[in-house]
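A structural walkthrough
What follows is the residue order along each chain.
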Amino acid sequence: MRVGRVAFALAALAMPAGGCARYHPALLSPGANAAALEARSLDNPRLLRFIAAGLRQKAVPRERARWDLTSLTLAAVYYHPDLDVARARLAGARAAVVTARQRPNPSLDLRAAVDSAAVPGAITPGALPLTIGPMINLIVETFGKREYRTAAARRLADAARWDLASAGWQVRGRVRAALLDLWAARRRIALTGRRLDLRQQLAGLLEQRFAVGEANALDVARERIARDKTAIALRRFEAAAAAAKAALAAAIGLPAAALDGAKVSFGAFARGDPLREGLDEGELRRRALTGRTDVEAALARYRAAQSELQLAVASQYPNLTLGPGYEYDAGTNKFGISSAVELPVFNQHQGQIAQAAAKRRQAAASFTLLQAHIIAAIDTAVAGYRAARRALATADALLAAARRREAQVAASFRIGEVDRPTLVTAEIETATVGLARFDARVGELQAVGALEDAVQQPLFEPNAAFSVPPVESRPLPGSAS
């Protein structure tokens, strides 16, 4: 009966194993995954619900009338794999907090022996000639090691959360840059198409004059060359538009075909200067240096390094192992307790402490390096913006002068003082300066975009802020069902 009670106690100790997690396979098929990527679209009902929630819309439309910068950014937050990777890292960091918080499991030592009495009567009559000695070893962590370990894991989880937000900003920046490139390419196609029409008219007029001997071959050839160069430039802009469309789809996480037929809005760029109310460089700099997501992540990593150094210092003091046990010895019940402690004879964790201290210094240096890069990025962006503003002001003045000259030539043409080739030449001049002015405008918007990236503050559509949810809004390939 005593042996039965011992067996029952051992079975009770093994019962927690019944609550263990089970492995669930999650298959990942390259073919099926590629097919899912190719099937992505902007009319996905789950995507539309996600965007409606992000924009705080009460009703979910069946399709969006216009895809602007904000809604395309939310589509990228929904689809882009970079954010899936960042979310997975965040989930791993949060799981590491659970691991760090766990207490060490006890261990069970069991020894058994069949006794044979060398002296008659040494074994109690009726007792089993058996010795069983189960012992449980409990590890007691000392000097706050578990708390320091948990604090370090929590701060690394905070860093992973800020890394997710940084990935969201990077996705937004790529969407904005690709959308701006697409808008610029399409506008350049329209402006260059107008120039090509005028060049064609002028070449035709000069060919007519040449036919009647009123123009020389050199003037006709020169105009034909200018017309052909304009046609080639138009083809380059068409290729740039196709590349920008593909880049926009890639920035969202879609195949390029998913943008076919989509009504894209360029309202964020068609309006005036996003910084028309003035550039508060000091305030933007302060916010960036103290509040950018990567700054917060670097600060969290430094705090984690602090906790890891505290853990290394505490680890020089050994843990305590307690071993309460019971022994059945041929009819005799014996209870006892043992204790064990590591003896810091050969080392006192000097190496681990030195490594943790060096890691903290590295985290501090990385934080300083990041802030230095931010200062340089802001200085570069501000200088680029101011230079772009000056270039645009010059282009505005040149375009205004070209339009005045064209108006004067048009007035002279109406009263018969100049001929049509002269009028068309004035119109070509205005169209050429207009294209140069548009290039200056694009340069200004690109400079604003660079400043937006540097300060991590929405300057285009500033009232339509976006957030990145920490969990996926759609099923991922390879997820266990």
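What you see is a predicted model, and the numbers here were worked out from it, not measured in a lab. (Residues numbered from 1 in each chain as written. Predicted model: local features only at pLDDT ≥ 70, side-chain atom pairs only at ≥ 80, totals over all residues. Heavy atoms only, no water.)

So, about the overall build of the chain. Counting its regular elements, the chain contains 12 helices and 4 strands. Looking at the chain as a whole, 37% of its 481 residues are labelled buried. Contacts in the chain between residues at least 24 apart in sequence constitute 81% of all its contacts with a sequence separation of at least 6. Here the chain has roughly 27,200 Å² of accessible surface; of this, 57% comes from carbon and sulfur atoms. (Helix = DSSP H or I, 4+ residues; strand = E, 2+ residues; numbered from the N terminus. Buried < 20%, exposed > 50% of the residue type's maximum accessible area, 1.4 Å probe, protein only. Contact = heavy atoms within 4.5 Å. Areas by Shrake-Rupley, 256 points an atom, 1.4 Å probe, with all protein chains shown as cover.)

The share of residues in the chain with pLDDT of 70 or more is 89%, and the mean pLDDT across the chain is 87. Taken element by element, the chain is modelled with least confidence in helix H1 (residues 2-14), mean pLDDT 48, and with most confidence in helix H10 (residues 293-314), mean pLDDT 96. (pLDDT = per-residue confidence, 0-100.)

Relative to the elements of secondary structure, Ala397 occurs in helix H11 (residues 350-414). A residue is classified by how much of its surface remains accessible, and Ala397, at 46% relative accessible area, is partly exposed. The spacing of Ala397 and Arg437 is 40 residues in sequence and 9.4 Å in space, taken between C-alpha atoms.

Enumeration over the complete set of coordinates arrives at 27 salt bridges. Its salt-bridge partner being Arg176, residue Asp453 comes within 3.0 Å of it at the nearest N-O pair. Of this pair, Asp453 sits in helix H12 (residues 420-455) while Arg176 sits in helix H6 (residues 145-211), and the two are 277 residues apart along the sequence. Judged by its relative accessible area of 36%, Asp453 is partly exposed. The exposure class assigned to Arg176 is buried, which follows from its relative accessible area of 5%. (Salt bridge = Lys/Arg side-chain N within 4 Å of Asp/Glu carboxyl O.)

The next point concerns a nonpolar patch on the surface. Residues Val140, Leu320, Val341, Leu343, Val345 and Phe346 make up a contiguous nonpolar surface patch of about 620 Å² in total accessible area. On the secondary structure map, Leu343 appears in the loop between strand S4 (332-341) and H11. (Patch = residues over 30% accessible without salt bridge, like charges linked within 9 Å, V, L, I, M, F, W, Y side chains within 5 Å.)

Here the distance between the centres and the angle between the planes together describe a pair of aromatic rings. For the structure on display, the rule yields 6 aromatic pairs. Judged by centre distance (5.5 Å) and plane angle (75 degrees), the ring pair of Phe269 and Phe460 falls under edge-to-face. One end of the pair, Phe269, is in helix H8 (residues 267-270); the other, Phe460, is in the segment after H12, with 191 residues separating them in the sequence. On the basis of relative accessible area, Phe269 is assigned to the buried category, the value being 0%. (Phe/Tyr/Trp six-rings, centres within 6.5 Å; stacked < 30°, edge-to-face > 60°.)

Mapped onto the secondary structure, Leu206 falls in helix H6. Separated by 15 residues in the primary sequence, Leu206 and Ala221 have C-alpha atoms spaced 9.5 Å apart. When residues no more than four places from it in sequence are discounted, the contact partners of Leu206 are Ala215, Asp219, Val220 and Glu223.

Moving on, we come to H12. With 36 residues, H12 should reach 52 Å at 1.5 Å per residue; the first-to-last C-alpha distance of 52 Å fits that figure. In the segment just after H12, Gln456 is the residue with positive phi, at about 50 degrees. (Expected span 1.5 Å × (residues − 1).)

Counting residues in each nonpolar core, the largest one holds 72 residues, and the members touching the most others are Val175, Leu248, Ile252 and Phe269. Considering each element in turn, this core owes the most residues, 14 residues, to H6. In this structure Val175 touches Leu69, Leu72, Thr73, Ala76, Leu248, Ala251 and Ile252, once residues within four positions along its chain are discounted. (Core = buried A, V, L, I, M, F, W, Y, C linked by side-chain atoms within 4.5 Å.)

Glancing now at the side chain of Lys145. Here Lys145 lies in helix H6. For the buried Lys145, which has no salt bridge, the nearest side chain bearing the opposite charge is Glu141, at an N-O separation of 6.7 Å. In contact with Lys145, not counting residues within four places along its chain, are Leu311, Ala314, Ser315, Tyr317, Pro318 and Asn319. (Lys, Arg positive; Asp, Glu negative; His and termini not counted.)

Right, let's get into the packing of helix H9 (residues 281-291) against H10. Any two packed helices are characterised by how steeply their axes cross, that is the angle between the axes, and by the distance between the axes. The contact between H9 and H10 brings their axes to 6 Å, and the two run at 35 degrees. Between H9 and H10, the residues in contact are Ala288, Leu289, Thr290 and Gly291 and Thr293, Val295 and Glu296, respectively. Split into classes, the residues belonging to the contact of H9 with H10 amount to 3 nonpolar, 3 polar and 1 charged. (Axes fitted to C-alpha atoms, helices over the stretch in contact; angles between N-to-C directions. Nonpolar A, V, L, I, M, F, W, Y, C, P; charged D, E, K, R; others polar.)

The next point concerns the side chain of Glu444. Note on placement: Glu444 falls in helix H12. When its relative accessible area of 1% is taken as the criterion, Glu444 is described as buried. Polar side-chain contacts of Glu444 include one of 2.6 Å to the side chain of Arg441. What Glu444 contacts, discounting residues up to four positions off in sequence, is Asp273, Tyr385, Ala388, Arg389 and Leu392. (Polar contact = N/O pair within 3.5 Å; in protein donor to acceptor, adjacent residues only side chain to side chain.)

Another aspect to go through is the packing of H6 against H12. Following both chains from N to C, one finds H6 and H12 inclined at 170 degrees, their axes separated by 10 Å at the closest point. Considered as vectors, H6 and H12 are oriented roughly antiparallel to each other. Its residues assigned to classes, the contact of H6 with H12 comprises 16 nonpolar, 8 polar and 14 charged. (Parallel < 35°, antiparallel > 145°, perpendicular 65-115°, else oblique.)

With a phi close to 60 degrees, Phe143 is a non-glycine residue in the positive phi region. For Phe143, the position within the fold is in the loop between strand S2 (130-140) and H6. Backbone geometry places Gln456, a non-glycine residue, at a positive phi of 50 degrees. On the accessibility criterion, Gln456 (15% relative accessible area) is buried.

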